[in-house]
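Chain residues, written in single-letter form:
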Amino acid sequence: MKISEIILEWYKKNKRLLPWRETRDPYKIWLSEIILQQTRVNQGMEYYHRFVARFPDVHQLAVAEEQEVIKLWQGLGYYSRARNLLAAARQVENEFGGKFPSRYSDLLKLKGVGPYTAAAVASIAYKAPVAVVDGNVSRVLARLYAVQDAVNIPAGGKQIEALAVELLHRGNPGDHNQAMMEFGALQCVPVAPDCLACPVQQFCKAFSNDLVAALPVKQKKAKIRNRYFTYLIIREGVHTYISRRTGNDIWREMYEFPLIEHDSAPDETEILHAASLLTGLEGSRLTISRLSDPVRHQLTHRRIIARFLHLETRGNLLQAPGHWKRVRFSEVGDHPLPRLIDRYLELNGESPD
Ligand code: SF4
């Protein structure tokens, strides 16, 4: 038997039962692929059900308000995915007459759809003979064929793509692609795979050359940079202030408490000074209730280290900048919030009055 057939057989016996595997609807397959891009299956499942329940087809999603889509996405991170999801649904509606495109090249035109997602949708929903390469597939191939180049740079990536095409089961590309991904996720795992129980061990060059732990080779990524935030939770009776993030930065279009960003880790004096400058209030007109310990939040290339300064004003003395929105504290949660803030409020029992 050929490698692809053995892996297909393995897949039939070992695959996890996941809702997006029970359908050939390109919309649902695309939705699941976007959700799972940077999310584990268990967490992604809940969001998949949530989206399918609220937007059962691409038309329902296309006519949705962006704020609702982002709110539904809240907690998954990488919010550009949610915005792209909506933009792509609108493209399907306007440019493809409401029907999900079937050609790989057309799928690639959709916002947020790269070669991986286009190949997944084309092969699974339409049985197009295109090979999917994700992190799992790349690891399996790098080990089976002992690819020595780093798989995350063009030279190694090209070898992996060529191998993926060569191995593709042309009669059953959709199941083949899913089988390869599942094989990487469950059998050929990153650390200490159980090679003795592996059905393709006899073909595996990494195994025969004792290279399993060394492959795949990866080039180190750029260093992660810290960003230091202080959020002001200003209480004016039952009200507080939030503002919408704009510009080309993380969490665009989401809401947050008034923010001070520092160049380096600030001490308490620096935070209080910056807060009084920002609010225009000091001394008797402003009470500082508390300053939280630093809260860490990891993003792809950044680590956010945030502190929350809780303040109370007397009366309506604050001259709030125009872009701040005064809302009841109980309404803050109705706005799309970065996970960092949402979690802080949750963990600190910050409830409505
Ligand atoms: S033998 Fe080990 S390294 Fe090779 S494909 Fe199987 S699990 Fe992966």
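Refer to the structure printed above.
Here we summarise the structure given alongside this text. Not measured: the values here are computed from a predicted model.

1. Some details on the site of the ligand
Link 1 in the chain: Near the ligand you find Arg143, Gln187, Cys188, Pro193, Cys195, Cys198, Gln201, Cys204, Phe207 and Val212, and these make up its full shell.
Link 2 in the chain: Split by residue class, the shell around the ligand holds seven nonpolar, two polar and one charged.

2. A look at a negative patch on the surface
Link 1 in the chain: Residues Asp263, Asp267, Glu268 and Glu270 make up a contiguous surface patch of negative charge.
Link 2 in the chain: By the secondary structure assignment, Glu270 is in helix 13 (residues 268–279).

3. So, the pattern of salt bridges
Link 1 in the chain: On inspection of all chains with the given rule, the structure shows 14 salt bridges.
Link 2 in the chain: For the salt bridge of Glu261 with Arg227, the shortest nitrogen-to-oxygen distance reads 2.8 Å. Residue Glu261 is located in strand 4 (residues 259–262), and its partner Arg227 is located in strand 1 (residues 225–235); the two are separated by 34 residues in the primary sequence.
Link 3 in the chain: Members of the salt-bridge network, linked through shared partners, are Arg227, Arg245, Asp249, Glu256 and Glu261.

4. Some remarks on helix 3 (residues 41–54)
Link 1 in the chain: Over its 14 residues, helix 3 runs 20 Å from end to end, which matches the ideal 20 Å to within 8%, given 1.5 Å per residue.
Link 2 in the chain: Among all positions in helix 3, only Gly44, Tyr47, Tyr48, Phe51 and Val52 are buried. For helix 3, the arc enclosing every buried residue in end-on projection is 135 degrees, short of the 170-degree limit, so these residues lie on one face. Within helix 3, the exposed residues directed more than 90 degrees away from the buried face are Asn42 and Ala53.

5. Some thoughts on unusual backbone geometry
Link 1 in the chain: Backbone torsion omega between Leu215 and Pro216 reads 0 degrees, so that peptide bond is classified as cis.
Link 2 in the chain: Turning to its location among the elements, Pro216 is positioned in the loop between helix 12 (205–208) and strand 1.
Link 3 in the chain: A positive phi is found at Lys127, a non-glycine position, where the angle reads about 60 degrees.
Link 4 in the chain: Summarising the element assignment, Lys127 is placed in the loop between helix 8 (115–126) and helix 9 (135–144).
Link 5 in the chain: Judged by its relative accessible area of 45%, Lys127 is partly exposed.
Link 6 in the chain: Although it is not a glycine, Ala192 adopts a positive phi angle of roughly 50 degrees.
Link 7 in the chain: For Ala192, the position within the fold is in the loop between helix 11 (173–186) and helix 12.
Link 8 in the chain: Here Ala192 falls in the exposed class, since its relative accessible area comes to 67%.

6. Some details on helix 6 (residues 80–95)
Along an α-helix, residues three or four positions apart point the same way, because every turn accommodates 3.6 residues.
Link 1 in the chain: The end-to-end C-alpha separation of helix 6 is 21 Å, in line with the 22 Å expected for 16 residues at 1.5 Å each.
Link 2 in the chain: Looking at the packing, one finds that the buried side of helix 6 touches helix 2 (26–36), helix 3, helix 4 (58–62) and helix 5 (66–73).
Link 3 in the chain: Backbone geometry just downstream of helix 6 places Gly97 in the positive-phi region, at approximately 60 degrees.

7. With respect to the packing of helix 2 against helix 6
Link 1 in the chain: Viewed as axis vectors pointing N to C, helix 2 and helix 6 meet at an angle of 160 degrees, and their least axial separation amounts to 10 Å. In this view, helix 2 runs roughly antiparallel relative to helix 6, as classed from their interaxial angle. In the packing of helix 2 onto helix 6, the handedness of the crossing is right-handed. Residues Trp30, Leu31, Ile34, Ile35 and Leu36 of helix 2 lie in contact with helix 6, whose contacting residues are Arg81, Leu85, Ala88 and Ala89.

8. With respect to the sheet that holds strand 3 (residues 255–256)
Link 1 in the chain: Taken in spatial order, the three strands of this open sheet run 3-2-8, and their pairing is antiparallel. The open sheet has two edge strands with one neighbour each: strand 3 and strand 8 (324–328).
Link 2 in the chain: In this structure, strand 2 (residues 239–244) lies alongside strand 3, joined through two bridges in antiparallel fashion. Residue pairing in the sheet places Arg244 in a bridge with Tyr255 of strand 3.

9. Structural notes on the packing of aromatic side chains
A ring pair, where both rings are aromatic, is described by two values, the distance of the centres and the angle of the planes.
Link 1 in the chain: Under the counting rule described, the total for this entry stands at twelve aromatic pairs.
Link 2 in the chain: Centre to centre, the rings of Trp30 and Phe100 are 5.3 Å apart; their planes meet at 50 degrees, and the pair counts as tilted. Taken together, the residues span a long stretch of sequence, with Trp30 in helix 2 and Phe100 in the loop between helix 6 and helix 7 (104–107) at a distance of 70 residues. Taken individually, Trp30 and Phe100 each receive the classification buried, so the pair is uniform in this respect.
Link 3 in the chain: One aromatic cluster is present, built from ring pairs that chain together Phe229, Tyr231, Trp251, Phe308 and Tyr344.
Link 4 in the chain: A cation over a ring is seen here: Arg50 above Tyr47, with NZ or CZ 4.3 Å from the ring centre.
Link 5 in the chain: Stacked on the ring of Phe329, the Lys or Arg Arg235 has its end atom at 3.9 Å from the ring centre.

The rules behind the values
- Residues numbered from 1 in each chain as written.
- Predicted model: local features only at pLDDT ≥ 70, side-chain atom pairs only at ≥ 80, totals over all residues.
- Heavy atoms only, no water.
- Near = heavy atom within 4 Å.
- Nonpolar A, V, L, I, M, F, W, Y, C, P; charged D, E, K, R; others polar.
- Patch = residues over 30% accessible without salt bridge, like charges linked within 9 Å, V, L, I, M, F, W, Y side chains within 5 Å.
- Areas by Shrake-Rupley, 256 points an atom, 1.4 Å probe, with all protein chains shown as cover.
- Salt bridge = Lys/Arg side-chain N within 4 Å of Asp/Glu carboxyl O.
- Lys, Arg positive; Asp, Glu negative; His and termini not counted.
- Charge placed at Lys NZ, Arg CZ, Asp CG, Glu CD.
- Helix = DSSP H or I, 4+ residues; strand = E, 2+ residues; numbered from the N terminus.
- Expected span 1.5 Å × (residues − 1).
- Buried < 20%, exposed > 50% of the residue type's maximum accessible area, 1.4 Å probe, protein only.
- Arc of directions from axis to C-beta.
- Contact = heavy atoms within 4.5 Å.
- Axes fitted to C-alpha atoms, helices over the stretch in contact; angles between N-to-C directions.
- Parallel < 35°, antiparallel > 145°, perpendicular 65-115°, else oblique.
- Left-handed = near helix turned anticlockwise from the far one by under 90°.
- Pairing = 2+ DSSP bridges.
- Phe/Tyr/Trp six-rings, centres within 6.5 Å; stacked < 30°, edge-to-face > 60°.
- Lys NZ or Arg CZ within 6 Å of the ring centre and 35° of its normal.

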